[in-house]
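# Descriptive analysis of the structure
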Amino acid sequence: MARKSKFRRESAAAKPSDRLRRDDDAPSSNSGRDGPNPDKKTAQEAKHMDKSKLRIEKSADKLTVARGKLASQKPPKKSGVVKTVTRAAGYEVWAKAHGKIHQVERDNVGVEAAHHAEIVGEKAVRSTSRFIKHRVRTRPARQVRKWESKNLKANADLRFRQLAQEHPELKQNAVNRYFQKKRLRKQYQKKAQEAAKKAAKKTGEAAVSASEKAVRAVANFVKKHPAAALVVILCLLLVVTLQSCVGGALSIGNGLGGAVGASTYPSEDAEMLAAEAVYAGMEAELQYELDNYSALHPGYDAYHYDLDEIEHDPYVLISILSAWHDGPWTVADVQGTMTMLFERQYTLTETVVVKVRYRTETDTWTETDPATRETTTHSDTYEVAYNYYICTVTLDNFNLSHLPVYIMDEDRLARYALYMATLGNRPDLFAGYPGASTPKDYTDYDIPPEYLNDATFAAIITEAEKYLGFPYVWGGSNPRTSFDCSGFVSWVINHSGWDVGRLGAQGLYNICTPVSAASAKPGDLIFFVGTYDTPGVSHVGIYVGDGMMIHCGDPISYTSVTTSYWQQHFYAYGRLP
């Protein structure tokens, strides 16, 4: 007998989250030493909050003073002619004196030792003097950096405490607290840099205003002197030309800015870190269920487990959320989306099998002979059937990066691919997190020119190299959504003279004619098995000769097929029809 069910949906057993909710809703029966005092804890939090505010005020005051001293510092004076000449003359005298000593020290070891000690001493005096002058000169700047750092840390600490009040789960893990505060410091540092840029922009606007006044003055001069009209016209033409150039540069800058903006995560760091913490908390709850399954679901004779790893890539999660919501979001906005993703990623199944087993039982009794009064003991052994219940628990982790193609339309999938290609322009956001993606660059390769004499192969490579560096996106099949391995190969050959449609790796193998490694030539396809858990061919690339292929790894890149990994999974070469 077997029954299958979604544990989270159908099980009547209490979950840890249910008990937590009931405990939160029910009035506490403990007091005093039986549990923490909420009033005392609140008072401590308020005290820490006040200290954080005082640190912000103190560091801000110190920073203002330090910036004032730095602004009032006079720039170093350039050496004048007299000082330069005097320094050069002094150096010449020093060089000649030491040159004479060098001539003598060749014949006198004592003179050589004394001269060496003198040179070392002079060098030490010069180095110490330069060091002291440098330290005195740079002290105002160092003070500014010091108090900027303290102010950033204080602001990050206050923001973290405020955020922790809204999301208590952030305080449960020391690693999360460390990285959260680190991200918040970077966030405030970024804001400070933006403020500095705005100030520089205002200064530039003031300079532009001064330039406009100068132009008006020139125009008035021209009115008073008509004879110089031709010169003025030429100057105006020059100005118009320069303005056109500046306008073109601004258009290019705006275009680049738009591209960067489109590939940058739209939400605040604190919200993205909080969303990652919430999703990780859901995974931790699932792990708790598995670690304590027999205790939470008693009643079975044996428990068997077939469990995938519980893991996800934080950048995949944030890229999905950013593409799905198309704009800035908060952790409250995406709570429902994360629940949907979690339920699609993880499937927990309980299967119960009942087997009939037998145990041996023995009955013992005694009889007394009425005549002799002798007692005799008898026993009887027999087999008894009983039901033995085996509970098999299965956890399937449908890789989070595989979900976008199933839940997104092409526009959202294109945004997701763009975010993953750039990691949202925030490669530092989840640095050090388990399973987090890292910036990747593709490997280029120079194909021997004689191979390109084959027009068919040249067409394939021309198309394939357009997409070097594109990220791997499960199910992707065009440049907008990026590609997976078979989507990339299908697109390339469909735009190089074939029309095979969108095929998987096994489908591409099925349309090819197998060829031996010795007969393989540039333009053939190369197939692999066992690169992930799937039956049949699991990966495909385009062979370019000399043991190299171009394929959709992560990202699309050239790679050698002679490495131990690819040799271990190699299956066959195939020639396209």
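Residues numbered from 1 in each chain as written. Predicted model: local features only at pLDDT ≥ 70, side-chain atom pairs only at ≥ 80, totals over all residues. Heavy atoms only, no water.

Moving on to the overall build of the chain. Secondary structure summary: the chain contains 17 helices and twelve strands in total. Looking at the chain as a whole, 33% of its 577 residues qualify as buried. Contacts spanning at least 24 positions in sequence make up 69% of the contacts within the chain whose residues lie at least 6 apart. For the chain, the accessible surface area stands at approximately 35400 Å², while carbon and sulfur atoms represent 56% of it. (Helix = DSSP H or I, 4+ residues; strand = E, 2+ residues; numbered from the N terminus. Buried < 20%, exposed > 50% of the residue type's maximum accessible area, 1.4 Å probe, protein only. Contact = heavy atoms within 4.5 Å. Areas by Shrake-Rupley, 256 points an atom, 1.4 Å probe, with all protein chains shown as cover.)

Let's shift gears to the pairing of strand S10 (residues 548-552). Buried residues dominate S10, accounting for five of its five residues. Along S10, one buried face is formed by Met548, Ile550 and Cys552 and the opposite face, lined by Met549 and His551, is buried too. Summarising the sheet, strand S9 (residues 537-545) and S10 pair through three bridges and their orientation is antiparallel. Opposite Gly545, over in S10, you have Met548 as the bridge partner. Where S10 meets strand S11 (residues 556-560), five bridges bridge the pair, whose relative direction is antiparallel. Bridge assignment links Met549 to a residue of S11, and that residue is Thr559. (Pairing = 2+ DSSP bridges.)

Once that is clear, we can look at the packing of helix H10 (residues 314-325) against helix H13 (residues 410-422). Orientation of H10 relative to H13, taken along the N-to-C sense of each, is 140°, at an axis distance of 8 Å. For the element pair H10 / H13, the angle class is oblique. Between H10 and H13 lies a crossing of right-handed hand. Contact residues: H10 offers Tyr315, Val316, Ser319, Ile320, Ser322, Ala323 and Trp324, while H13 offers Arg412, Arg415, Tyr416, Tyr419 and Met420. (Axes fitted to C-alpha atoms, helices over the stretch in contact; angles between N-to-C directions. Parallel < 35°, antiparallel > 145°, perpendicular 65-115°, else oblique. Left-handed = near helix turned anticlockwise from the far one by under 90°.)

This part is about the nonpolar core. Nonpolar side chains tend toward joint burial in soluble globular proteins. The biggest cluster of nonpolar side chains holds 46 residues, and the ones touching the most others in it are Ile318, Leu321, Met338, Leu341 and Tyr416. With nine residues, helix H8 (residues 269-291) is the largest single contributor of residues to this core. Those residues in contact with Leu321 that lie beyond four places of it in its chain are Ala275, Trp329, Val334, Thr337, Met338 and Leu341. Judged by nonpolar contacts, the second largest core, of 31 residues, contains Ile447, Phe483, Leu508 and Ile542. (Core = buried A, V, L, I, M, F, W, Y, C linked by side-chain atoms within 4.5 Å.)

Turning our eyes to something else, we now look at a positive patch on the surface. A contiguous patch of positive charge, built from Lys58, Lys62, Lys69, Arg139, Lys146, Lys150 and Lys153, is present on the exposed surface. Element by element, the count of residues in the positive patch is highest for helix H5 (residues 109-166), at four residues. You can see Lys69 is positioned in helix H3 (residues 38-72). (Patch = residues over 30% accessible without salt bridge, like charges linked within 9 Å, V, L, I, M, F, W, Y side chains within 5 Å. Salt bridge = Lys/Arg side-chain N within 4 Å of Asp/Glu carboxyl O. Lys, Arg positive; Asp, Glu negative; His and termini not counted. Charge placed at Lys NZ, Arg CZ, Asp CG, Glu CD.)

The next thing to look at is the confidence of the model for the chain. Close reading of the predicted structure is inappropriate where its pLDDT is low. Of the residues in the chain, 67% reach a pLDDT of 70 or more, and the chain-wide mean stands at 77. In the predicted structure, residues 1-35 sits below a pLDDT of 50 and forms 38 contacts with residues beyond four places in sequence or in another chain. Under a pLDDT of 50 for its full length, residues 244-259 has, in the predicted model, zero contacts with residues more than four places off or in other chains. (pLDDT = per-residue confidence, 0-100.)

Our next topic: the packing of helix H14 (residues 455-464) against helix H15 (residues 485-494). It is at 9 Å that the axes of H14 and H15 come closest, and there the two elements cross at 130°. The angle between H14 and H15 falls in the class oblique. Remark: the crossing between H14 and H15 carries right-handed chirality. Here H14 contributes Ile460, Glu463 and Ala464 to the contact with H15, which in turn contributes Phe488, Trp491 and Val492. For the contact of H14 with H15, the class distribution of residues is five nonpolar, no polar and one charged. (Nonpolar A, V, L, I, M, F, W, Y, C, P; charged D, E, K, R; others polar.)

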